[in-house]
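The lines below spell out each chain.
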Amino acid sequence: MGELRTTGDHPPWEGLAGTDRHAACVIAARTGNRSALDVLVAELTPLVWHVARGHGLDRSTAEDVVQTVWLAFLRHIDRLHEPRALVGWLVVATRREARRTWTPAKRETGLTDEVADHLESTQGLPEDAALVDDRDIRLWRAFGRLSQRCQELLRLTVLAGRAEYRTVAEALAIPRGSIGPTRGRCLTTLRTHLDAEGGSR
Amino acid sequence: MNDIDPRDDPRGFEDTAVLSELTRLVYELDPPPADLVERVQFAIALEDLDVEVARWERAGSLTGVRGGQPGTITFTVDNLTLMVNFTSTGARHRIDGWLVPAGEHTVEVRVAEHESTTTRADDGGRFVLPDVPTGTTQIVVHLVNARGERGRTVVTPTIML
């Protein structure tokens, strides 16, 4: 594959932000611009990571899922008919991949959104991350007791930029009008769990 | 950092104290591994972008082969199975592999910051790479059909060896 070097100092995504920037990168990447791909990977890997982690995958499995999603993206880059829909595509692809890698017992029954809503996650806590103090531990426990649906929504809405978080919520199949209230309920539950863990501050 | 749009919250559900905790959680307590972006960039720096991804079969266990432990890993995609066994030979590795269905497929082992090593599987689908450098590793299989014609390309996610 030939590489189109951005010999000028001004790649087409320069000065752009959010969806515009990523769409410009997708278009450039289609013509073989490797720098554009690298920009997308650098800027959107945290999003893919948090979708995978919010789906209850341990860190090792989440790493594989992140790589698999980006490799799959290479194949789909020409077929992504709307470059501005990249974030939505990544969220959907990551959720699908996360479900495939679910443990065999759970994979058989499938993890539907309805099940996810009611399943209190016991995975997803940072088994190898450094929890520096009691407050961190309380926060992790409280967060881990939320439904997976809440964990996923809260991670993504904190992470995604304002322009993109609606796209994210749409990819989670939450009706636009209920994004705020749904997240509000999740936050209220998180506060309740935090209080039960001995206070949030 | 909190991109909270007040228009989504007409009834004041949001709790800024909890939101700041949440931000800390996402950005500080559970960020992606520091080298993950670099590894993805290595994994996708392929000649041919039209690849199929083989998935790591963990057989129900959540623990994989990490941190240089020897062992066998199985990858699958569609009807293809790739089994690879890694044996440490000091600073380097011996790789014994087996492809099912068998065929004289070309197997390329990419290691970050090293030249690729390439071999061809025998008619039983087995291949050996006796001396592979240690590092972020990816296996690329160029499949051939029964008539020896080149077919699709299958890649694995990177493995840390």
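The preceding data block contains the structure.
Residues numbered from 1 in each chain as written. Chains lettered and ligands numbered in written order. Predicted model: local features only at pLDDT ≥ 70, side-chain atom pairs only at ≥ 80, totals over all residues. Heavy atoms only, no water.

Bringing the overall build of chain A into the picture now. In terms of helices and strands, chain A carries ten helices and zero strands. In chain A, the order of α-helices and β-strands from amino to carboxyl end is α-α-α-α-α-α-α-α-α-α. Pairs at least 24 apart in sequence give 65% of the contacts found in chain A among residues at least 6 apart. As displayed, chain A offers around 8,700 Å² of accessible surface, 52% of which is attributable to carbon and sulfur atoms. (Helix = DSSP H or I, 4+ residues; strand = E, 2+ residues; numbered from the N terminus. Contact = heavy atoms within 4.5 Å. Areas by Shrake-Rupley, 256 points an atom, 1.4 Å probe, with all protein chains shown as cover.)

Attention now goes to the side chain of His55(A). Residue and element names in this part refer to chain A. Here His 55 is to be found in the loop between helix H2 (34–54) and helix H3 (59–76). By relative accessible area, which is 3% here, His 55 ends up buried. For His 55, the side chain forms a polar contact with the side chain of Glu 152, separated by 3.2 Å. (Buried < 20%, exposed > 50% of the residue type's maximum accessible area, 1.4 Å probe, protein only. Polar contact = N/O pair within 3.5 Å; in protein donor to acceptor, adjacent residues only side chain to side chain.)

Simply put, the disulfide is a covalent bond whose two ends are the sulfur atoms of two cysteines. All names here are of chain A. Scanning the model with the defined rule gives one disulfide over all chains in all. Sulfur-sulfur distance for the disulfide between Cys 150 and Cys 186 comes to 2.1 Å. Judged by the torsion about the S-S bond (-75 degrees), the Cys 150/Cys 186 disulfide is left-handed. Remark: Cys 186 occurs in helix H10 (residues 179–196) and Cys 150 occurs in helix H8 (residues 148–159); sequence separation between them is 36 residues. For the pair formed by Cys 150 and Cys 186, the shared burial category is buried. (Disulfide = S-S within 2.5 Å.)

A separate point is helix H1 (residues 18–30) of chain A. Given 3.6 residues per helical turn, the α-helix brings residues three or four places apart onto the same face. Residue and element names in this part refer to chain A. Between its first and last C-alpha atoms H1 spans 19 Å; for 13 residues at 1.5 Å apiece the expected length is 18 Å, and the two agree. Among all positions in H1, only Thr 19, Arg 21, His 22, Ala 23, Ala 24, Cys 25, Val 26, Ala 28 and Ala 29 are buried. In the stretch just after H1, Gly 32 is the one whose phi turns positive, near 95 degrees. (Expected span 1.5 Å × (residues − 1).)

A few words now on the packing of H3(A) against helix H4 (residues 86–100) of chain A. All names here are of chain A. Remark: H3 packs on H4, axes separated minimally by 10 Å, with the N-to-C direction vectors making an angle of 130 degrees. With respect to their mutual orientation, H3 and H4 come out oblique. Every pair of crossing elements has a handedness; the one defined by H3 and H4 is right-handed. Of the residues in H4, those in contact with Val 65, Thr 68, Val 69, Trp 70, Ala 72, Phe 73 and His 76 of H3 are Leu 86, Trp 89, Leu 90, Ala 93, Thr 94, Glu 97 and Ala 98. When grouped by side-chain class, the residues that make up the contact of H3 with H4 number ten nonpolar, three polar and one charged. (Axes fitted to C-alpha atoms, helices over the stretch in contact; angles between N-to-C directions. Parallel < 35°, antiparallel > 145°, perpendicular 65-115°, else oblique. Left-handed = near helix turned anticlockwise from the far one by under 90°. Nonpolar A, V, L, I, M, F, W, Y, C, P; charged D, E, K, R; others polar.)

Another point: the sheet that holds strand E4 (residues 80–89) of chain B. Strands pair in a sheet through their backbones, by hydrogen bonds, and they do so in one of two ways: parallel or antiparallel. All names here are of chain B. Pairing is antiparallel in the open sheet, where five strands are placed in the order E2-E3-E4-E5-E8. Two strands close off the open sheet at either side, each with one partner strand: strand E2 (55–57) and strand E8 (126–133). Taken pair by pair, the neighbouring strands of this sheet meet at an average axis angle of 30 degrees, ignoring direction. In this sheet, E4 lies alongside strand E3 (residues 71–77) in antiparallel orientation, the contact comprising seven bridges. Across the sheet, Thr 72 pairs through a bridge with Asn 85, a residue of E4. (Pairing = 2+ DSSP bridges.)

A word on the side chain of His93(B). Residues and elements named next belong to chain B. Counting through the fold element by element, His 93 comes out in strand E5 (residues 92–100). We classify His 93 as buried; its relative accessible area is 5%. A polar side-chain atom of His 93 sits 3.3 Å from a polar atom in the side chain of Thr 134. With sequence-adjacent residues up to four places away left out, His 93 is seen in contact with Phe 86, Thr 87, Ser 88, Leu 129, Pro 130, Asp 131, Val 132, Thr 134 and Leu 161.

Looking now at unusual backbone geometry. Residue and element names in this part refer to chain B. With an omega of 0 degrees, the peptide bond running from Val 100 to Pro 101 counts as cis. Checked against the element boundaries, Pro 101 lands in the loop between E5 and strand E6 (106–111). In the Ramachandran plot, Asp 78 falls in the positive-phi region, its phi being about 50 degrees despite a non-glycine side chain. Relative to the helices and strands, Asp 78 resides in the loop between E3 and E4. Of note, the phi angle at Glu 113 is positive, near 70 degrees, even though the residue is not glycine. Locating Glu 113 in the fold gives a position in the loop between E6 and strand E7 (117–120).

This brings us to the nonpolar core. Trp70(A) and Phe73(A) are the most contacted members of the largest nonpolar core, which has 70 residues in total. If one sorts the elements of this core by residue count, H2(A) sits on top with eleven residues. Each of two domains, domain 1 (1–31) and domain 2 (36–160) of chain B, supplies a minimum of three residues to this core. What Phe73(A) contacts, discounting residues up to four positions off in sequence, is Val26(A), Leu37(A), Leu40(A), Leu80(A), Leu86(A) and Trp89(A). Residues Trp56(B), Phe86(B), Val111(B) and Val132(B) belong to the second largest nonpolar core, which totals 24 residues. (Core = buried A, V, L, I, M, F, W, Y, C linked by side-chain atoms within 4.5 Å. Domains from an automatic or database assignment.)

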